[in-house]
Amino acid sequence: MESTSRVLQRKIMNIMNDGEKRDISDIKESLAVKEDFKYGEDYREGHLAGVLRVLVTNKDLEKEERGVYRLNELTHGPVIEDILNMDIDLEPDNRGMSCLEEMKQETLTVLERQYHSLVGRMDAVSLSSLSPSDFESVRQLSELKEDLKQILLKYGRTSA
């Protein structure tokens, strides 16, 4: 069974994925309305404070000001669907780069961000806190991390 903090973390990321800035009261309201996860019933103030601290530390969220958060665009940049929905213009831009080359570079940048986010988040997981069923997910995430690394290395992204 997932801990309250893990469920809360997942639900907060679900609502923050729209990139909007939210204060704590907006987060609580969105959790109740969009995620059916109510303050005082499903989680407490300590859960919320701890999860927000972890999400900022892991660079999933940015703290805009006291009590105001938003999705960290460096680690959660445009999703691949956004890139794939771009209008395709095969004419070179002022740098001589075709839209397809630009799309490739943007895709690699998104994959690189996701790779670094995955590495950071996996490093933050305490193995002693995992249940036996979590180990399969850890194995799959490790494989995914290695696959992403190989893709990035193949295309000359050596920071992987």
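Owing to the predicted nature of the structure, the values given are computational and were not obtained by experimental measurement.

Caption draft 1: Geometry of the sheet that holds strand β2 (residues 61-65). Spatially, β1-β3-β2 is the arrangement adopted by the 3 strands of the open sheet, whose pairing is antiparallel. At either margin of the open sheet sits one strand with a lone partner, and together these are β1 (22-23) and β2. Judged from the 2 bridges that link them, β1 and strand β3 (residues 68-71) form a sheet pairing that is antiparallel. Within the sheet, the bridge partner assigned to Arg22 lies in β3 and is Tyr69. Its contacts with the sheet put helix α3 (residues 45-57) on β2 and β3, and the angle it makes with β2 is roughly 105°.

Caption draft 2: Highlighting the pairing of β2. Bridging between β2 and β3 involves 4 bridges; their strand directions are antiparallel. Bridge assignment links Glu62 to a residue of β3, and that residue is Arg70. As consecutive antiparallel partners, β2 and β3 are separated by 2 residues, and within that stretch Gly67 has a phi angle of approximately 75°, a positive value.

Caption draft 3: Representation of the environment of Val125 in the model. The topology assignment puts Val125 in the loop between α5 (99-123) and α6 (134-154). According to the relative accessible area criterion, Val125 is partly exposed, its value standing at 32%. Counting along the chain gives 13 residues from Val125 to Val138, while the straight-line C-alpha distance between them is 9.5 Å.

Caption draft 4: Here's a closer look at the nonpolar core. Core analysis: the largest hydrophobic core is formed by 17 residues, its most contacted members being Leu8, Ile12, Ile27 and Leu61. Of all the secondary-structure elements, those providing two or more residues to this core are α1 (4-16), α2 (24-35), α3 and β3. The element that contributes the greatest number of residues to this core is α1, accounting for 6 residues. When neighbours within four sequence positions are excluded, Ile12 is seen to be in contact with Ile27, Leu31, Leu48, Val51, Leu52, Leu55 and Leu61. Residues Leu118, Met122, Leu148 and Leu152 belong to the second largest nonpolar core, which totals 7 residues.

Caption draft 5: Quick peek at the environment of Asp42. Structurally, Asp42 is set in the loop between α2 and α3. Each C-alpha atom, one on Asp42 and one on Val7, is 9.7 Å from the other, the two residues being 35 residues apart in sequence. Setting aside residues no more than four positions away along its own chain, Asp42 makes contact with Thr4, Asp36 and Phe37. Side-chain polar atoms of Asp42 contact the backbone nitrogen of Lys38, separated by 2.7 Å.

Caption draft 6: Examining α5 more closely. Here α5 spans 36 Å end to end across 25 residues, near enough to the 36 Å set by a 1.5 Å rise per residue. Those residues of α5 that fall on the buried side of the exposure criterion are Cys99, Met103, Leu108, Val110, Leu111, Glu112, Tyr115, Ser117, Leu118 and Met122.

Caption draft 7: Focus on the packing of α1 against α3. In the contact formed by α1 and α3, the axes pass within 9 Å of each other and the chain directions differ by 60°. On the basis of their axis angle, the class for α1 and α3 is oblique. α1 and α3 meet at a crossing whose hand is right-handed. Counting all contacts with α1, which are made through Thr4, Ser5, Leu8, Gln9, Ile12 and Met13, the residues of α3 involved are His47, Leu48, Val51, Leu52, Val54 and Leu55. Of the residues contributing to the contact of α1 with α3, the split by class is 8 nonpolar, 4 polar and no charged.

The rules behind the values
- Residues numbered from 1 in each chain as written.
- Predicted model: local features only at pLDDT ≥ 70, side-chain atom pairs only at ≥ 80, totals over all residues.
- Heavy atoms only, no water.
- Pairing = 2+ DSSP bridges.
- Helix = DSSP H or I, 4+ residues; strand = E, 2+ residues; numbered from the N terminus.
- Contact = heavy atoms within 4.5 Å.
- Axes fitted to C-alpha atoms, helices over the stretch in contact; angles between N-to-C directions.
- Buried < 20%, exposed > 50% of the residue type's maximum accessible area, 1.4 Å probe, protein only.
- Core = buried A, V, L, I, M, F, W, Y, C linked by side-chain atoms within 4.5 Å.
- Polar contact = N/O pair within 3.5 Å; in protein donor to acceptor, adjacent residues only side chain to side chain.
- Expected span 1.5 Å × (residues − 1).
- Parallel < 35°, antiparallel > 145°, perpendicular 65-115°, else oblique.
- Left-handed = near helix turned anticlockwise from the far one by under 90°.
- Nonpolar A, V, L, I, M, F, W, Y, C, P; charged D, E, K, R; others polar.

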